[in-house]
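Results of the structural survey
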Amino acid sequence: MTRPAPFSLRLTDAERKRLESQAGSMPLASYIKSVVFADEAPKYRRRKKPPVAEQQLLAEVLARLGQTRTSNNLNQIAKHLNQGTLILDEELESDLKRAVAEVAWLRATLIEALGKKR
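Overview of the structure. These figures come from a predicted structure and were not determined experimentally.

**What about the pattern of salt bridges?**
Under the criterion given, the structure shown has four salt bridges. The partner of glutamate 93 in a salt bridge is lysine 97, with the nearest N and O atoms 3.4 Å apart. With a gap of four residues between them, glutamate 93 and lysine 97 both fall in helix H5 (residues 90-113), about one helical turn apart. The partly exposed category is assigned to glutamate 93, whose relative accessible area is 37%. Judged by its relative accessible area of 56%, lysine 97 is exposed.

Dropping the structure here:
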């Protein structure tokens, strides 16, 4: 089914803000159609925004991921392990323990931020 050319509607800033507020997370075009065509328009459920605490946890995880080279370091270790060239010394053992702790923290924090049960 092809759609006809778009329909344009001009609004003042105040009108647009009011319309966006009424639409919530629904796209404006969908909201306008749902009001105009009431029974015929598709119905959308409002998306719940995650609570601020969870957003802060997710931001912390992303910030930590951006500051660390853990994933790259683990990849290099796996490469050497697969090649049989990995030499486990005290420094590498310490690095591995730190990486495992970092991954465990990331996992636990993501689970908490997403509201999942462990």
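Now that the structure is up, let's keep going.
**Brief notes about the packing of helix H4 (residues 70-83) against H5**
Between two packed helices, both the angle of their axes relative to each other and the distance between the axes serve to describe the pair. Where H4 meets H5, the axes come as close as 10 Å, and the angle between the chain directions of the two elements is 130°. On the basis of their axis angle, the class for H4 and H5 is oblique. In this structure, the crossing between H4 and H5 has a hand that is left-handed. Between H4 and H5, the contacting residues are Thr70, Leu74 and Ile77 on the first element and Leu92, Leu96, Ala99, Glu102 and Val103 on the second. The residue makeup of the contact of H4 with H5, split by class, is six nonpolar, one polar and one charged.

Criteria and cut-off values
Residues numbered from 1 in each chain as written. Predicted model: local features only at pLDDT ≥ 70, side-chain atom pairs only at ≥ 80, totals over all residues. Heavy atoms only, no water. Salt bridge = Lys/Arg side-chain N within 4 Å of Asp/Glu carboxyl O. Helix = DSSP H or I, 4+ residues; strand = E, 2+ residues; numbered from the N terminus. Buried < 20%, exposed > 50% of the residue type's maximum accessible area, 1.4 Å probe, protein only. Axes fitted to C-alpha atoms, helices over the stretch in contact; angles between N-to-C directions. Parallel < 35°, antiparallel > 145°, perpendicular 65-115°, else oblique. Left-handed = near helix turned anticlockwise from the far one by under 90°. Contact = heavy atoms within 4.5 Å. Nonpolar A, V, L, I, M, F, W, Y, C, P; charged D, E, K, R; others polar.

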